[in-house]
Amino acid sequence: MLSDTCPCDGADRVYEGMGGRLEVLELTPGVDLLQSMRSVGYSFETAVADLVDNSITAGATRVEVQVDVVEGKWVAISDDGQGMTPGEATEALRLAGTARTTAESTESLGRFGLGLKTASLSQGRRLDVVTCREGVLTGLAWDIDRVAEEARWVVEVLDDDAMAALPQVSPLVSGKDGTTVVWSKLDYLIGKAANVSDHLSRKIETLRFHLGLVFHRFLEGKGALQLILNGRRIEPIDPFLTSHLQTQRTPEQSITIQDSQVLLQGYTLPHARNLPIDVSARADMGNGLKENQGFYIYRNRRLIFRGGWFGLRGKDELTKQARVRVDITDALDYLWQVDIRKARSEPPAEFREKVRPLMDRLVVRSENLHSRRARSVNPTIHDHYWNKIRTRDGIRFEVNPQHPVVRELSERLDGKGRALFSDLLDDLAACFPYYDTYVAAAKNELPEDAGLTLSEVRGRLVKLRDSGFSRGEVAEFVDNVEPFKNFAKLNTVMEEVWADA
């Protein structure tokens, strides 16, 4: 409890509480808070995405991001949305001035009322905002250096000349509705880069992928948002490859969390070797498949989280093609722990409980994709070259001694030759390259199907013929054994080989 003689400034109210007389202090944040806010954790791409959110919420049909890659002096994000009145612009620059305080769904992509400020100042020390609404032009700016110098929360009001000098503001100056945000004094974005142009060029490529992925549902279809980065339109990057003919999908599932509907749909991507080269080269494909499996959380159609199973299962090779789309609304922000950057989300326990029974339906197809690609081992049919042996210590592989070619070769050898051949098979099993095979599979470096070419099949059959096998003997086993069983027109080739004898 504060004493009657408390020297604290701002003690302007007194009221009676259970503990006696209480005084209320107004503790105004120090101006250093503006500097501290820069360390929220934004990357360049998440910061830009946060401003694109604002543009979409403002009804923009075109958003243009321009980065000065020559000198690195500024980044500008402009849109053709409804713009802001002078009062709205002032509130937009006030800390938490546009925060939502209810749990009702609004279809807005904003939440805390901090994104414009924290995202912008995470990259540079100055933020200029120029906006036009129904012909009324407004320009305001936060400058960390000026705030620190005056030790006051001062926002600059820009005059016409100051606004006209900023990049990407010409449409606004001419009276068109919209908003342009300009970042400058880019200390955090540039850092100590020796070559600013190269540094920003790499940043732009990362940004292009990020925006194409995060906003892909806004960039698709009729009336899609136009998102332009340094003069080039950003194409949508669909993480589910929904247009690919070999993509599998489960029926859409619906669960209810706190009276709000959450929609889930599972996707199994095609095997990496069935993808176009440009798709395989994407960061979330190819070598990135295993890391990017899991849930993809969308808040009002905007991607806020990707990759990971929230502890419901682990990331493994059999499920690396599995991705599950989860649609939530902003009404569940308080439960999903959506952070300021909208780059992280943690689901509530209720989500895990309700999704756990659905996991097999959502993921099993990915496991089946790999199971079908693996050879089915049937101990009653000796059609394969390798046996999979389960031991107390795990799985090992050995050459199948009952394969017709292996068995026939063994029987044609004399005693010493047969013993040496048996040792060779044991050595092949003992030296099977498990680790190298695992690494190659994880990197998608293994061939789709080894198979045999026409000339190789013909050569194998000629060797069998010249070794004394009759066409009838060979026909008894080659249709169902490796490596012949998957070869088309095998019987035709056999006829030709034995006809040439």
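Note that the structure is predicted; figures quoted are calculated from it, not measured.

Quick word on the overall build of the protein chain
Part 1 of the argument: In terms of regular secondary structure, the protein chain is built from 19 helices and 18 strands.
Part 2 of the argument: Per-residue burial over the protein chain gives 44% buried out of 501 residues.
Part 3 of the argument: For the protein chain, contacts bridging at least 24 residues in sequence account for 64% of all contacts bridging at least 6.
Part 4 of the argument: Carbon and sulfur atoms provide 51% of the accessible area of the protein chain, an area that totals close to 26300 Å².

Looking at helix α19 (residues 490–499)
Part 1 of the argument: Those residues of α19 not exposed but buried are L490, V493, M494, V497 and W498. Each buried residue of α19 sits inside an arc of 125° when the element is viewed along its axis, so together they form one side.

Here we look at the pairing of strand β8 (residues 178–184)
Part 1 of the argument: Taken across its 7 residues, β8 has 7 buried, putting it largely inside the fold.
Part 2 of the argument: Side chains G178, T180, V182 and S184 project from β8 onto one buried face, and the interleaved T179, V181 and W183 project onto a second face that is buried too.
Part 3 of the argument: Bridge analysis of strand β4 (residues 74–79) against β8 gives 6 bridges, and the strand direction is antiparallel. From the neighbouring strand, V75 faces β8, where its bridge partner is W183.
Part 4 of the argument: Judged from the 7 bridges that link them, strand β5 (residues 126–133) and β8 form a sheet pairing that is antiparallel.

Observations regarding unusual backbone geometry
Part 1 of the argument: Its identity is not glycine, yet N230 carries a phi of approximately 45°, on the positive side.
Part 2 of the argument: Its location among the elements puts N230 in the loop between β9 (226–229) and β10 (232–233).

Regarding the nonpolar core
Part 1 of the argument: Among the nonpolar cores identified, the biggest contains 48 residues, and L127, W183 and F215 are the most heavily contacted of them.
Part 2 of the argument: Top contributing element to this core by residue count: helix α2 (residues 44–57), with 7 residues.

Some remarks on the pairing of β4
Part 1 of the argument: Buried residues dominate β4, accounting for 5 of its 6 residues.
Part 2 of the argument: Direction of pairing for strand β3 (residues 62–67) relative to β4: antiparallel, over a ladder of 5 bridges. Paired with E64 across the bridge in β4 is S78.
Part 3 of the argument: The turn joining β3 and β4, which pair antiparallel and follow one another in sequence, is formed by 6 residues; a positive phi near 70° is taken by G72.

So, the sheet that holds β4
Part 1 of the argument: Spatial strand order, β7-β6-β5-β8-β4-β3-β9-β10: 8 strands in an open sheet with mixed pairing. The sheet terminates laterally at β7 (156–157) and β10, the two strands that pair on one side only.
Part 2 of the argument: Lying over the sheet, α2 contacts β3, β4, β8 and β9, oriented at roughly 160° with respect to β8.
Part 3 of the argument: In this fold helix α9 (residues 196–214) packs onto β3, β9 and β10, with an angle of close to 165° to the strand it touches most, β9.

Looking at the environment of V157
Part 1 of the argument: Positionally, V157 belongs in strand β7.
Part 2 of the argument: Assessed through its relative accessible area of 69%, V157 is described here as exposed.
Part 3 of the argument: Setting aside anything within four residues of it in sequence, one finds V157 in contact with G139 and L140.

Here we look at the confidence of the model for the protein chain
Part 1 of the argument: Chain-level pLDDT for the protein chain is 82 on average; 80% of the residues reach the 70-or-more range.
Part 2 of the argument: This model gives residues 1–11 a pLDDT under 50, and the stretch forms 19 contacts once residues within four places in sequence are excluded.
Part 3 of the argument: Counting contacts from residues 97–105, a segment whose pLDDT is below 50, to residues more than four positions away or on other chains yields 22 contacts.

Brief notes about the packing of helix α17 (residues 454–466) against α19
Part 1 of the argument: The contact between α17 and α19 brings their axes to 10 Å, and the two run at 50°. With respect to α19, the axis of α17 lies oblique. As for how α17 packs across α19, the hand of that crossing is right-handed. In this structure, α17 contributes L454, V457, R458, L461, V462 and R465 to the contact, and α19 contributes L490, V493, M494, E496, V497 and W498.
Part 2 of the argument: Broken down by class, the residue content of the contact of α17 with α19 amounts to 9 nonpolar, no polar and 3 charged.

So, the packing of aromatic side chains
Part 1 of the argument: Going through the model one piece at a time under the given rule, you end up with 12 aromatic pairs.
Part 2 of the argument: Consider the rings of F310 and F351, whose centres lie 6.4 Å apart with planes at 85°: the pair is edge-to-face. Pair noted here: F310 is in the loop between β15 (302–306) and β16 (322–328) and F351 is in helix α12 (residues 349–355), with a separation of 41 residues, a long-range link. For the pair F310 and F351, one class covers both residues: buried.
Part 3 of the argument: Clustering of aromatic rings is evident, with ring pairs tying together F295, F305, W309, F310 and F351.
Part 4 of the argument: The side chain of R217 reaches across the aromatic face of Y298, ending 4.7 Å from its centre.

Quick look at the pattern of salt bridges
Part 1 of the argument: For the coordinates displayed, the defined rule picks out 28 salt bridges.
Part 2 of the argument: Of the charged contacts in the structure, one is a salt bridge between E64 and R62, with a shortest N-O distance of 3.6 Å.
Part 3 of the argument: Judged by relative accessible area, which is 33%, R62 ranks as partly exposed.
Part 4 of the argument: The shortest N-O distance in the salt bridge between E156 and R126 comes to 3.0 Å. Highlighted residues: E156 in strand β7 and R126 in strand β5, separated in sequence by 30 residues. Across this residue pair, the class does not change: E156 and R126 are buried.
Part 5 of the argument: It is possible to trace a salt-bridge network through shared partners that takes in R125, R126, D128, D143, D145, R146, E150, R152, E156, K185 and D187.

Thresholds applied
Residues numbered from 1 in each chain as written. Predicted model: local features only at pLDDT ≥ 70, side-chain atom pairs only at ≥ 80, totals over all residues. Heavy atoms only, no water. Helix = DSSP H or I, 4+ residues; strand = E, 2+ residues; numbered from the N terminus. Buried < 20%, exposed > 50% of the residue type's maximum accessible area, 1.4 Å probe, protein only. Contact = heavy atoms within 4.5 Å. Areas by Shrake-Rupley, 256 points an atom, 1.4 Å probe, with all protein chains shown as cover. Arc of directions from axis to C-beta. Pairing = 2+ DSSP bridges. Core = buried A, V, L, I, M, F, W, Y, C linked by side-chain atoms within 4.5 Å. Axes fitted to C-alpha atoms, helices over the stretch in contact; angles between N-to-C directions. pLDDT = per-residue confidence, 0-100. Parallel < 35°, antiparallel > 145°, perpendicular 65-115°, else oblique. Left-handed = near helix turned anticlockwise from the far one by under 90°. Nonpolar A, V, L, I, M, F, W, Y, C, P; charged D, E, K, R; others polar. Phe/Tyr/Trp six-rings, centres within 6.5 Å; stacked < 30°, edge-to-face > 60°. Lys NZ or Arg CZ within 6 Å of the ring centre and 35° of its normal. Salt bridge = Lys/Arg side-chain N within 4 Å of Asp/Glu carboxyl O.

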